[in-house]
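In case you want the letters, here they are:
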Amino acid sequence: MVELVPSILSADFSKLASEIQAAERGGGSVFHIDIMDGHFVPNLTMGPPVVKSLRKVTSLPLDCHLMIENPDDFIEEFAAAGANWITVHYEACRHLHRTLQLIAQHGMEPSVAINPATRVDFLVEILPMVHHVLVMTVNPGFGGQKFIPFSLDKIRQAAALRSELGLNFRIEVDGGIAHETIASVVDAGADLLVAGSAVYDSGQPEREARMLLARAKEAEQRRQGQNFHPTQAAAI
C-alpha cells in the first residue's frame, strides 16, 4: 500500500505543529525528518530535540533519515526522543550490519538509504534486516531539487530484488517527488513517498497532500492491474 510521507524540511518552522496536522488531515501517514550534520551532506538541519517536540503533536510514525557521519553515536538519543524508524546511509556506515542491529535493539525499525551513485545490489546481504530501503532520487543535502530520472531503474531493481528474495521490505523514495513524478515512482515499485516542497511550498499542505496521495493511489491501482495475470484468475 502506498503512503505519503510529508517531509518537514520544507514546512514553516514558525508553526510546525499546525503544518504537521494539516498534512496529516490531507492523508500523510508518516512524517519524514531529515537530520543533516554539515559533514556527510553540505547542510545542517535538526536533531533529537525537534523529534521530541514533534512526538508531542502527532501519534504517526516519525521517520528519521540520518544524513550524518557516525550515526551509531546518536541512535540512543533518537530512540529516547520518540523516533519510530531510523534510516542510515550505506555510504556513512563502516559496519552497516552492526548499525542496523543497534537500531533494532533500541526498539526502532532499521532502514538503509543509498545515494544516486550507489548500486542497489550492494545491499543484498542486509535486506532481510530492514524495514525499508530508501532510494535517494536526488543527491542528499537540500530540499527542492529536481528528480534524477535514472532513479526509476534503481527503484525497479529494488522491487525485483524484493520479489526474487521473497522479502517484504518497503521501498521509499526521497527527492523531487511532486505531482509530475509521483505516479512514475509508484509505477516503478515504490510505496513510501517522501514529499517536502510539493506538500508545503504552496502554503496549502492539506490540499497538496490529498492531491499527491490521490495520484499515487491511481498509479498503485494501475500497477496492481498490470501485475494481475489470467493464470491468477483461473486459480481463484
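Up top you'll find the structure we're talking about.
Presented here is a report on the structure given in the accompanying data block. (Residues numbered from 1 in each chain as written. Predicted model: local features only at pLDDT ≥ 70, side-chain atom pairs only at ≥ 80, totals over all residues. Heavy atoms only, no water.)

### What to know about helix H1 (residues 16-25)
In an α-helix, one full turn covers 3.6 residues, which means residues spaced three or four apart are oriented alike.
And then number 1: Inspection of H1 places Leu-16, Glu-19, Ile-20, Ala-22 and Ala-23 among the buried residues, and these make up the whole buried set. The arc that holds every buried residue of H1, seen down its axis, measures 165°, which confines them to one face.
And then number 2: Those residues of H1 hidden inside the fold are in contact with strand E1 (3-6), strand E2 (31-36), helix H2 (48-55), helix H7 (197-200) and helix H8 (205-226).
And then number 3: Two residues or fewer after H1 comes Gly-27, characterised by a positive phi angle close to 115°. (Buried < 20%, exposed > 50% of the residue type's maximum accessible area, 1.4 Å probe, protein only. Helix = DSSP H or I, 4+ residues; strand = E, 2+ residues; numbered from the N terminus. Arc of directions from axis to C-beta. Contact = heavy atoms within 4.5 Å.)

### What to know about the environment of Pro-116
And then number 1: You can see Pro-116 is positioned in the loop between strand E5 (109-114) and strand E6 (132-136).
And then number 2: Taking the C-alpha atoms as reference, Pro-116 lies 24 Å from Leu-62; in sequence the two are 54 residues apart.
And then number 3: Each residue touching Pro-116, except ones within four places of it in the same chain, is listed here: Met-136, Val-138, Asn-139, Pro-140, Ile-148, Phe-150 and Lys-154.

### So, the sheet that holds E2
And then number 1: Read across the open sheet, the eight strands follow the order E1-E8-E7-E6-E5-E4-E3-E2; overall the sheet is parallel. What marks the edges here is a single partner per strand, and that holds for E1 and E2. Averaged over all pairs of adjacent strands, the angle between strand axes in this sheet comes to 25°, irrespective of strand direction.
And then number 2: Pairing of E6 with strand E7 (residues 170-174), which is carried by five bridges, proceeds in the parallel orientation. Considered in E7, the bridge of Met-136 is made with Asp-174.
And then number 3: Contacts from H2 reach E2 and strand E3 (62-67), with the element oriented near 170° to E3.
And then number 4: Of the strands in this sheet, strand E4 (85-89) and E5 are in contact with helix H4 (residues 96-105), which crosses E5 at around 145°. (Pairing = 2+ DSSP bridges. Axes fitted to C-alpha atoms, helices over the stretch in contact; angles between N-to-C directions.)

### Quick look at H4
And then number 1: Burial in H4 covers these residues: Leu-96, Thr-99, Leu-100 and Ile-103. Seen along its axis, H4 keeps its buried residues to an arc of 100°; they face one direction. Exposed residues lying more than 90 degrees from the buried face of H4 are Arg-98 and Gln-105.
And then number 2: The inward-facing, buried residues of H4 abut helix H3 (75-81), E4 and E5.
And then number 3: Just downstream of H4 lies Gly-107, where phi reads positive at about 80°.

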